[in-house]
Amino acid sequence: MSSPSSKPILRFAPSPNGRLHLGHAYSALYTWQAAARLGGTALLRMEDTDPERCKPEFAQAIVDDLHWLGLDWPQPIMVQSQRFPIYAEAANQLRDADLLYPCFCSRSEIATKAKGTDPDGAPLYPGTCRHMSRSEQIERLQRGDPVQFRLDTASAITCTGLLTFTAIGPLVTDRPQIRYARPERWGDVVLQRKGTPTSYHLSVVVDDAAQGVTHVTRGRDMEPATDFHVLLQFLLGLPSPIYNFHRLILDAEGRKLSKSKGSPTLASLRDAGRTPQDIRQELGF
Ligand code: GLU
């Protein structure tokens, strides 16, 4: 946690895997408004660790869309794809503590054996590779079998005691609340994806700490993931920011906007003649 005298730092951290929609615009405007209320600064960070889905042209379009909305941020922008050795080092810290293990399961093997789902509705990892012998691990790694690395969450939790984090309400200057984190409901999360030295969860906690982020503003759908982030912060000896979960922008059917469902992009709204003022007004800013 930051010392009381340090300046609040917030961030907007989109993944450049498509164009921004109104849900992103809300999150960005909310973050800049919260930063202003706290007398702090909002940073932009590109979470582009997935080389297959993230594209430089989407990153540029995010910058353009945010500028169009009237937002600005200090330079340089942190770009996660330029920081792989830093994430690898954090993963090694967990490996040295014997908390990271190689997993060779395919998606379909996991789906078949899973006995439940995680808070995002994905099959909970059944633990197949958790107790693989060292010799088999070495043999399969040497053979070049596709591998990802998972946290042994149950073992990790035995060293943490009760985990908590601080959350604050929508005005961000409200009285803080202490929440209990329940990382166990995520099971053994992948921290290094196939062919990549990191995953979203690992990079996000490393970078929030690296950027001195004091307040994380994110959508309510990200509240469960925060439980896992708090666990990683504990294990890596990183500070835990204050969290604030904002409302989600829903479509006419009450579903969260998303790139995959083809929600209208800011670019398409702009092309249809909507102004930044229209967008701000529609979103309540
Ligand atoms: N990069 C994440 C996303 O695109 C959000 C980052 C966060 O708030 O942790 O949804």
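Keep in mind it's a predicted model, so treat the numbers as computed, not measured.

Student: Is there a simple way to explain the UniProt feature "domain: Glutamyl/glutaminyl-tRNA synthetase class Ib catalytic" (unreviewed entry) in the protein chain in this structure?
Tutor: Residues annotated by UniProt as "domain: Glutamyl/glutaminyl-tRNA synthetase class Ib catalytic" (unreviewed entry) correspond here to residues 11–274. Annotation note: span residues 11–274, helix share 37%, strand share 15%, distance between end C-alpha atoms 26 Å.

Student: Is there a simple way to think about the packing of helix H1 (residues 22–38) against helix H10 (residues 276–283) in this case?
Tutor: The interhelical angle for the contact between H1 and H10, taken along N-to-C directions, is 80°, at an axis separation of 10 Å. Taken as axis vectors, H1 and H10 run roughly perpendicular relative to one another. Counting all contacts with H1, which are made through Leu22, Ala25, Tyr26 and Leu29, the residues of H10 involved are Ile279, Arg280, Glu282 and Leu283. Partitioning the contact of H1 with H10 into residue classes produces six nonpolar, no polar and two charged.

Student: How should H10 be read in this particular structure?
Tutor: Side chains of residues three or four places apart in an α-helix project in the same direction, reflecting 3.6 residues per turn. Along H10, the residues classified as buried are Pro276, Ile279 and Leu283. Mapping the buried residues of H10 onto a view down its axis gives an arc of 60°, with all of them on the same face. Along H10, exposed side chains directed more than 90 degrees from the buried face belong to Gln277 and Gln281. Lining the buried residues of H10 we find H1, helix H2 (56–68) and helix H9 (266–271). Gly284 occupies a position one or two residues after H10 and carries a positive phi of about 85°.

Student: Teacher, can you tell me more about the environment of Arg95 here?
Tutor: With respect to the helices and strands, the residue Arg95 is situated in helix H3 (residues 84–96). Residue Arg95 is classed as partly exposed on the basis of its relative accessible area, which comes to 27%. A C-alpha to C-alpha distance of 26 Å links Arg95 and Thr117, two positions 22 residues apart in sequence. Non-local contacts of Arg95, meaning those with residues more than four positions away in its chain, are made with Leu100, Phe149 and Gln192. Only 2.5 Å separates the side chain of Arg95 from the side chain of Asn92, close enough to count as a polar contact.

Student: Just to check I follow, could you spell out the packing of aromatic side chains for this structure?
Tutor: Aromatic rings considered in pairs are described by the distance between their centres and by the relative angle of their planes. This model, assessed by the stated rule, comprises eight aromatic pairs. A centroid spacing of 6.2 Å and a plane angle of 70° characterise the contact between Trp32 and Trp73, whose relative ring orientation is edge-to-face. Of this pair, Trp32 sits in helix H1 while Trp73 sits in the loop between H2 and strand E3 (78–79), and the two are 41 residues apart along the sequence. Here Trp32 matches Trp73 in class, with each residue buried. Relative to Tyr243, the ring of Phe165 has its centre 5.7 Å away and its plane inclined at 85°; by these criteria the two rings are edge-to-face.

Student: Help me understand the site of the ligand in this model?
Tutor: Near the ligand you find Arg11, Ala13, Ser15, Glu47, Tyr200, Val204, Arg218 and Met222, and these make up its full shell. Between the ligand and Arg11 there is a distance of 2.9 Å, counted from an oxygen atom to a side-chain nitrogen or oxygen. At 3.4 Å, a side-chain N or O of Ser15 approaches an oxygen atom of the ligand.

Student: Would you mind showing me how to read the layout of surface pockets here?
Tutor: In this approach, a probe sized like a water molecule rolls over the atoms, and the result shows the empty space that is left. Counted as a void, the second largest pocket has a volume near 280 Å³. Taken together, the elements giving at least two residues each to the lining of the second largest pocket come down to strand E4 (100–103) and helix H5 (134–143). Counting residues per element, the lining of the second largest pocket draws most heavily on H5, at four residues. The residue makeup of the lining of the second largest pocket, split by class, is eight nonpolar, two polar and five charged.

Student: Honestly, the sheet that holds strand E8 (residues 190–192) in this entry has me stumped. Any pointers?
Tutor: Strand-to-strand pairing in sheets goes through backbone hydrogen bonds, with the strands running parallel or antiparallel. Reading across from one edge, E4-E5-E8 is the order of the three strands in this open sheet, with antiparallel pairing throughout. Only two strands of the sheet have a single partner each, and these edge strands are E4 and E8. For this sheet, the mean inter-axis angle between neighbouring strands, taken without regard to orientation, is 45°. When E4 meets strand E5 (residues 148–151), the two strands line up antiparallel, connected through four bridges. Bridged to Cys103 within E5 is Gln148. Contacts from helix H8 (residues 223–236) reach E5 and E8, with the element oriented near 90° to E5.

Parameters and conventions
Residues numbered from 1 in each chain as written. Predicted model: local features only at pLDDT ≥ 70, side-chain atom pairs only at ≥ 80, totals over all residues. Heavy atoms only, no water. UniProt positions renumbered as here; feature names shortened; annotations may be inferred. Helix = DSSP H or I, 4+ residues; strand = E, 2+ residues; numbered from the N terminus. Axes fitted to C-alpha atoms, helices over the stretch in contact; angles between N-to-C directions. Parallel < 35°, antiparallel > 145°, perpendicular 65-115°, else oblique. Contact = heavy atoms within 4.5 Å. Nonpolar A, V, L, I, M, F, W, Y, C, P; charged D, E, K, R; others polar. Buried < 20%, exposed > 50% of the residue type's maximum accessible area, 1.4 Å probe, protein only. Arc of directions from axis to C-beta. Polar contact = N/O pair within 3.5 Å; in protein donor to acceptor, adjacent residues only side chain to side chain. Phe/Tyr/Trp six-rings, centres within 6.5 Å; stacked < 30°, edge-to-face > 60°. Near = heavy atom within 4 Å. 1 Å grid on protein atoms, 1.4 Å probe; cavity = no way out; pocket = protein on both sides within 12 Å on 5 of 7 lines; lining within 4 Å. Points joined across faces, edges and corners; volume = space filled by probe spheres on them. Pairing = 2+ DSSP bridges.

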